[in-house]
Structure formats: C-alpha cells, structure tokens
2 protein chains.
Amino acid sequence: MTETAQRPTLEAVAARAGVSRATVSRVVNGGDGVREPLAERVRRAVEELGYVPNQAARSLVTKRHGAVAVVIAEPETRVFADPFFALQLRGISKELTAQDNQLVLLLTEGRDDHTRVARYLAGGHVDGALVFSLHLDDPLPGLIRGAGLPTVFGGRPGWSDGEAGVAYVDSDNRGGAREAVRHLVGLGRTRIAHLTGPLDQTSAADRLDGYRDVMGGADARLVVESDFTPAGGERAMRALLDRCPDVDAVFAANDLTASGALRVLRERGRRVPEDVAVVGFDDMLPVAEATDPPLTTVRQDIEEMGRIMARLLLRRLDPRTPEETPAGVVLPTTLVRRAST
Amino acid sequence: MTETAQRPTLEAVAARAGVSRATVSRVVNGGDGVREPLAERVRRAVEELGYVPNQAARSLVTKRHGAVAVVIAEPETRVFADPFFALQLRGISKELTAQDNQLVLLLTEGRDDHTRVARYLAGGHVDGALVFSLHLDDPLPGLIRGAGLPTVFGGRPGWSDGEAGVAYVDSDNRGGAREAVRHLVGLGRTRIAHLTGPLDQTSAADRLDGYRDVMGGADARLVVESDFTPAGGERAMRALLDRCPDVDAVFAANDLTASGALRVLRERGRRVPEDVAVVGFDDMLPVAEATDPPLTTVRQDIEEMGRIMARLLLRRLDPRTPEETPAGVVLPTTLVRRAST
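Rules of the game
- Residues numbered from 1 in each chain as written.
- Chains lettered and ligands numbered in written order.
- Predicted model: local features only at pLDDT ≥ 70, side-chain atom pairs only at ≥ 80, totals over all residues.
- Heavy atoms only, no water.
- Helix = DSSP H or I, 4+ residues; strand = E, 2+ residues; numbered from the N terminus.
- Rg over C-alpha atoms; globule rule 2.2 N^0.38 Å.
- Buried < 20%, exposed > 50% of the residue type's maximum accessible area, 1.4 Å probe, protein only.
- Contact = heavy atoms within 4.5 Å.
- Domains from an automatic or database assignment.
- Salt bridge = Lys/Arg side-chain N within 4 Å of Asp/Glu carboxyl O.
- Nonpolar A, V, L, I, M, F, W, Y, C, P; charged D, E, K, R; others polar.
- Expected span 1.5 Å × (residues − 1).
- Pairing = 2+ DSSP bridges.
- Axes fitted to C-alpha atoms, helices over the stretch in contact; angles between N-to-C directions.
- Buried area = accessible area lost by both parts, 1.4 Å probe.
- Polar contact = N/O pair within 3.5 Å; in protein donor to acceptor, adjacent residues only side chain to side chain.
- Core = buried A, V, L, I, M, F, W, Y, C linked by side-chain atoms within 4.5 Å.
- Phe/Tyr/Trp six-rings, centres within 6.5 Å; stacked < 30°, edge-to-face > 60°.

- The name given to chain A in an unreviewed UniProt entry is LacI family transcriptional regulator, with Streptomyces griseoruber as the source organism.

This is how it looks when you write it as structure tokens:
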C-alpha cells in the first residue's frame, strides 16, 4: 500500500482539528475527558485525513498483520458437520502455521452475515483471504473485491463477469465425473442416475456436466437435484426410486450423498452392487470406507487443495514475488474402486 | 493491491446521496439523529456503490470492532474431531450473530502457536475473547491478561494466583461426578473405577475430585489417567482390565472416553451392564445414544455454556453496563440413565 510514505501523522490530525497532540491521542485512545464538540472535531479530522491509529500503524511498517482469514460461505452448523471443511482447513492450517501466519476463521450463521464478514475483511485485520464453498448469487466475492484484499478461492468461482485475474484452486470435477460414469457404463449399466449437489455451486454444476458428457441424451428423470448432505442423499434416492424404479446405477455428487443413497437402497431391499451400483465423489475418509458396502468413489486430495490455496496466497503477499496474473490451479482426480460397483 | 484506489469513499456516498460527509458517517455508524428519508437515501447510496465503511474510522466512533475472538487451546485437528467444541461454538455463534458481532475463530496447530495467537489478540483486531480448553501450564491466559483484553473463559481456569476477578462459565463437574459415582454405588457396585481426563485441565481434575468425594480411600489402581478421546478410553480400559480384572463399574470422564471403554469391554467379552456398568459425562449426542449399549451419563448443556460465555462478554463490552467484578457462573448437571448401568 503506497500510503505508507504519506501516512498522516498525529501532528497533522492535531493541526487540522486545531487542538493539541495530547487531545488527539486521548480521543483516539478512548476519548475520555475530552469535551464533545472538540472530540467531534478530532474525529472528523481523523476521518478526513485517513489517519490510522496505533496498532494499525505498527502493521503499516511491516505491511503485514501475519494473519489470513478463512471464510467458508456456509452456516457454522454445516462447517462442523461436513468433514470436507475440516480436511481443507487442515491443509490450510498446516501451511499457514509453517510460515507463522495466524489462521482467522470467520464463522457465520448464514448468508445474512456476509456483509459483516466483508466489513471485517476490509477492516485491516488480515493480509488476505481464503474463501470457499461459494454459491452463485452470493454477494461475498463482490464485497471482498471492493475491499481490495488479496484472495484465493477454493473451487472455481462462478460469477458471470469473467474469471480472468482470479486466483483459485479446484479439482477436475468434470473429468472426475466423466470417469465415474464411464466406469458404470463399462460395467454394463444402462439406467445410470445422477444425484447432484447444489447447482448454484460450480463443483456441483461441473460434475453434472461431466455426467452429461457421457450420458448425453439420457432420460432427464434420472437426474435428481440434491445438496451434498446425507439427509439430502436419502431424499433424492427415494424420489429417484419412485420415479425410475428400473435404475441400475447411481453416481452421487459426493460421498455424503452416496451414504444417504446407500441407506435408502438397503431399506428398499435393493442389493448394492448387484441391483444398483453406486459411485461417490471425494474419497472422504472414514465415510467412503465405512459405508456398507464400501464406496467406489472419485478421489480428490482435499487437504492438498487447502495447502495449495494457502501457499498461493502467501506467495502473492510476499513482496519479493514478481507480479503475475492470478490464475486457476486444477488438480487431477482418480477413481478408487471398492465394493459398491 | 491496487484495487484499494477504486474502493468507494465516504465522499462518493455523500455526493451520490446529496448529503454531507458527517451525515453519511452518522448513518453508517448507527444512524442516530438523522431523519428517516435522509437516512434511507444514504443507505441506498451505500448499497449502490458497494461502500464498505472503514473499520478504523468506524471503531473510532463506536469504540468497537464488532468482533469477538474464540480461542480453543487445542490443535486444530482435535477441534474438528471432538463434537464438544462444535456444540460450544454453536452456542457462541448464535449469541454473537444475534448481536451482530463477528465470530473470529483463531486456530492453531499446537501450543507453540499460542504466542502468535496472543499477538493477534493484542493487535486491536477484536473487542474481547472467549477462551476454552485451557491446560494448567499454558501461557495463554497470562499473555491475554497482558494484552488487557476483556475475556471470558470456558471452564474454571486453574492458575495458582487466584481466580478472583476472572469471568468464566463452567458446569458443576465435581457435583456431577459425585452423582455418577453414587448412582453406581446405589446399584451395589463395589469395584468402581475412574478413567480420568487430562489432569492438567480443571474439568478433569474436578471430576476426579468428585469421584474421590464418594470413593474416599478406594484402591488407587482403580484410577487410570486418560485424555478425553475414544482412543485414550480404549488404552485406559485395557490397562484397567489388566490391573484390576475384578472391576465391576467404570465412571469415564467423558462420553468419548466411555465409547472407547465400551469397545474394549465388548472385545474382552465383558457384558455391559451385567459384568461392568459404565457411566460417561457430557451427554454428547449422537455419541451417548449411539454406543452399544446406550450410555448412562452426566448431562451438561454445552451449547448453553457457549451462549452464556458470549452473553457475559458482550455485557462487559457494552458501555451501558455498570462496572462489576467478573465472576464464575457454574451450571448444574443432571444424570441421564440409559442401558449401560
């Protein structure tokens, strides 16, 4: 930040407000014992000059707070219920700690809180942000760009005004999905269904695209929208069985969805994989190994994604790094075969 | 970070709304003393321009950042593996959000990172801190007191130089433990063991004291130190069976420890509760109901503890609250009987 050189001093504030340095200092540090019209004059001078008081002054010298925010655009309850986030945070935490940066996790109850999150991000408390689980119509990316904070996104962001110049880390969701569906085709299955994730997230949309790449003009009733949760997987599987009782394979958009689907198949007396083969996505452990039967799935290295996100951001924050256009990093996926297919 | 230049200013908002800077400032910081049609015009301009108030200026007026730190003195991996923390965070998050405060969770890889955490807390980024899972020799409380930050502790802090003037929220660990052990005595059990938590935490030490209140001079080999985890519970139970094969009851310091103990008892062919009765602590769901058999346990309201911690802190941060000496709040516990006794 180029303001460093011209950073307004306490003296400048005092001169502008027409008061002593001591008065400015008292107002800035709590305002006790300064009459209101005077205090108001000081505050106005502070604001007009853009004076930054003490603690921030220290970090202006180093130009770093040594802290990075992590924002997961989901309610706190989901953050703790879905091991995906714990794994990604593990990778982020390891990398930030190794470079002595404080991980600052900003939790919310829901989307209504995103303006407050953006305010904190803009407030000079962190050097950069790692943001994941974005939904398409979320105002958060715009607010963050408004705050001018270096940011790396987890997952390809999906906003319409272009992704050039945006740093993100993602897995090859579309390619992974194609591999999963081709595997089911290779087993001779013909009525292959897809239980999607929330389609306002690019990861879910990309997996659906991968399914369609292979299945082309398949029966549209074989695609059921779901939400990446076990309960959602149960609901979607029930709807699917009612709608297409002849289904012989299911590609679930993640392992949690697959675990819910497996429960419903068992409950309805369908054998897996004999009657219905099932494939998940993530290779989330212990989930994928603990299902009955253990789950064939598309592995993505979630912890490594977190680690790379942190590494990309820290590199951008390092003044020794030459300027470069931020870009997307897409990690490969691999199919892991277990007893469910 | 060149985007900073294009960040909409207070001036831009004032120009768009056709009002003075002072009026914008007053609306942005709470709106007192601005007539409604004018305030509405400012709010519309703020929204249209995507203006994010400068936190430094804002906190000069309100003297608040609108943010509260939560520090869990455990490695990030344990925070996400133990549902206790998720529950406490749920209560904290609900309460902070209801009062429009940002929850700032500071994660660490371990105790080596506590100095960095303390630096962040002292750096003027938050208004106060909620700190839990402290261990006796942790330097964190001292560092936080050095930072002069209003703090509420989760669990009775155990440092030696007195707890007067320290705000904390705890459960009646000692009373709850007494009730658990008396329940086992009432069932006619005589060889009652205790698998402790980590004894450098007051919650674990207090539960051991409660056990001793009832068992007095019992065989010292019946007490096995453990660590509040399922794997620790397994290890402690194996050690106990090798040492005292005639044990007929176990009071485990928490439900996770009890779940590990139950697995080992089954593995060794001991029937629960016929051969060995088992009691836990927490009434953590789904753990306590999902064990085989379901677990008799001492219920504490973990989410409510979090909520009260947040409420106490926000009250201390409110300038309208009269000065009062911080003190401990101790919540009652209740015994919940299930099939394990």
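## What about the overall build of chain A?
Okay, so step 1: Broken down by element type, chain A carries 15 helices and 12 strands.
Okay, so step 2: At 25 Å, chain A has a C-alpha radius of gyration far larger than the 20 Å of a compact globule built from 341 residues.
Okay, so step 3: Taken along the three principal axes of its C-alpha coordinates, chain A extends 85 × 40 × 35 Å.
Okay, so step 4: Across the 341 residues in chain A, those meeting the buried criterion constitute 58%.
Okay, so step 5: Sequence-distant contacts in chain A: of pairs separated by 6 or more residues, those separated by 24 or more amount to 71%.

## Points about the domain arrangement of chain A
All names here are of chain A.
Okay, so step 1: Domains assigned within chain A are domain 1 (3–62), domain 2 (67–170 + 304–333) and domain 3 (173–300).
Okay, so step 2: For domain 2 versus domain 3, the separation of C-alpha centres amounts to 29 Å.
Okay, so step 3: Opposite the 18 residues of domain 2 that make contact, domain 3 presents 18 residues.
Okay, so step 4: In this assembly, domain 2 and domain 3 are joined by 1 salt bridge.
Okay, so step 5: Two residues, Asp206 and Arg156, come together in a salt bridge whose shortest N-O distance is 2.8 Å.
Okay, so step 6: Among the elements that make up the side of domain 2 that touches domain 3, the one with the highest residue count is helix 7 (residues 83–98) (3 residues).
Okay, so step 7: Residue composition of the side of domain 2 that touches domain 3, grouped by class: 7 nonpolar, 4 polar and 7 charged.

## Some details on the pattern of salt bridges
Okay, so step 1: Evaluated as defined, the whole model comprises 64 salt bridges over all chains.
Okay, so step 2: Salt-bridge contacts for B:Arg90 lead to A:Glu76; the nearest nitrogen and oxygen are separated by 3.5 Å. Within this pair, whereas B:Arg90 is found in helix 6 (residues 83–98), its partner A:Glu76 is found in helix 6 (residues 76–81), the two belonging to separate chains.
Okay, so step 3: Assessed through its relative accessible area of 1%, A:Glu76 is described here as buried.
Okay, so step 4: Between B:Glu234 and B:Arg263 there is a salt bridge whose closest N-O contact spans 2.6 Å. Remark: B:Arg263 occurs in helix 12 (residues 255–267) and B:Glu234 occurs in helix 11 (residues 230–243); sequence separation between them is 29 residues.
Okay, so step 5: Judged by relative accessible area, B:Arg263 falls into the partly exposed class, the value being 36%.

## Notes on helix 11 (residues 202–215) of chain A
All names here are of chain A.
Okay, so step 1: In this model, helix 11 (14 residues) spans 20 Å end to end at C-alpha, consistent with the 20 Å of a helix rising 1.5 Å per residue.
Okay, so step 2: Burial in helix 11 covers these residues: Thr202, Ser203, Ala204, Asp206, Arg207, Leu208, Gly210, Tyr211 and Met215.
Okay, so step 3: Buried residues along helix 11 sit against helix 10 (173–186), strand 6 (192–195), strand 7 (223–224), strand 8 (249–252) and strand 9 (277–282).

## Focus: the sheet that holds strand 7 of chain A
Residues and elements named next belong to chain A.
Okay, so step 1: Taken in spatial order, the 6 strands line up as 7-6-8-9-10-12 in an open sheet, and their pairing is mixed. Of all the strands in the sheet, just strand 7 and strand 12 (334–336) have a single pairing partner and so form its edges.
Okay, so step 2: Relative to strand 10 (residues 296–299), strand 9 is paired through 4 bridges, and the arrangement is parallel. For Val279, the partnering residue across the bridge sits in strand 10 and is Thr296.
Okay, so step 3: Contacting strand 6, strand 8, strand 9, strand 10 and strand 12, helix 10 runs over the sheet at an angle of about 165° to strand 9.

## Notes on the interface of chain B and chain A
Okay, so step 1: Contact residues are listed per partner, giving 46 residues for chain B and 48 residues for chain A.
Okay, so step 2: Interface of chain B and chain A: buried area, both sides summed, is about 4,400 Å²; carbon and sulfur atoms make up 57% of it.
Okay, so step 3: Remark: the boundary between chain B and chain A carries 6 salt bridges.
Okay, so step 4: The interface formed by chain B and chain A contains 15 residue pairs in polar contact (both at pLDDT 80 or more).
Okay, so step 5: The set of elements that each furnish at least two residues to the side of chain B that touches chain A consists of helix 2 (21–28), helix 4 (55–62), helix 5 (76–81), helix 6, strand 2 (102–107) and helix 7 (114–122) of chain B.
Okay, so step 6: Across 5 bridges, strand 2 (residues 102–107) of chain A lies against strand 2 of chain B in antiparallel orientation. Its bridge partner being in strand 2 of chain B, A:Val104 is matched across the sheet by B:Leu106.

## Considerations on helix 6 of chain B
Okay, so step 1: With 16 residues, helix 6 of chain B should reach 22 Å at 1.5 Å per residue; the first-to-last C-alpha distance of 23 Å fits that figure.
Okay, so step 2: Burial in helix 6 of chain B covers these residues: B:Phe84, B:Phe85, B:Ala86, B:Gln88, B:Leu89, B:Gly91, B:Ile92, B:Ser93, B:Glu95, B:Leu96 and B:Thr97.

## Section: the side chain of A:His125
Okay, so step 1: Positionally, A:His125 belongs in the loop between helix 8 (114–122) and strand 3 (128–132).
Okay, so step 2: A polar contact is formed between the side chain of A:His125 and the side chain of B:His125, at a distance of 3.0 Å.

## Here we look at the environment of A:Val279
All names here are of chain A.
Okay, so step 1: For Val279, the location among the structural elements is in strand 9.
Okay, so step 2: C-alpha of Val279 to C-alpha of Val104: the two residues are 175 residues apart in sequence and 35 Å apart in space.
Okay, so step 3: Not counting residues up to four positions away in its chain, the partners in contact with Val279 are Ala180, His183, Leu184, Val250, Phe251, Ala252, Thr296, Thr297, Leu335 and Thr341.

## With respect to the nonpolar core
Okay, so step 1: Judged by nonpolar contacts, the single largest core of 64 residues is most densely connected at A:Val70, A:Phe80, A:Leu105, A:Leu130, B:Val70, B:Leu105 and B:Leu130.
Okay, so step 2: Non-local contacts of B:Leu105, meaning those with residues more than four positions away in its chain, are made with A:Phe80, A:Leu103, A:Val104, A:Leu105, A:Leu107, B:Val70, B:Ile72 and B:Leu89.
Okay, so step 3: Core analysis: the next-biggest nonpolar cluster, separate from the first, contains 39 residues, A:Ala67, A:Phe153, B:Leu134 and B:Phe153 among them.

## Overview of the packing of aromatic side chains
Any two aromatic rings considered together are summarised by their centre-to-centre distance and by the angle between their planes.
Okay, so step 1: Counting across every chain of the model gives 5 aromatic pairs over all chains.
Okay, so step 2: Ring centres of A:Phe84 and A:Phe85 lie 5.8 Å apart, and the angle between their planes is 85°; this geometry places the pair in the edge-to-face category.
Okay, so step 3: On the numbers, 6.1 Å between centres and 20° between planes, the contact of B:Phe85 with B:Phe132 is stacked. Of this pair, B:Phe85 sits in helix 6 while B:Phe132 sits in strand 3 (residues 128–132), and the two are 47 residues apart along the sequence. B:Phe132 matches B:Phe85 in its accessibility class, with the two residues each being buried.
Okay, so step 4: Cluster of aromatic residues (ring-pair linked, three or more members): A:Phe84, A:Phe85 and A:Phe132.

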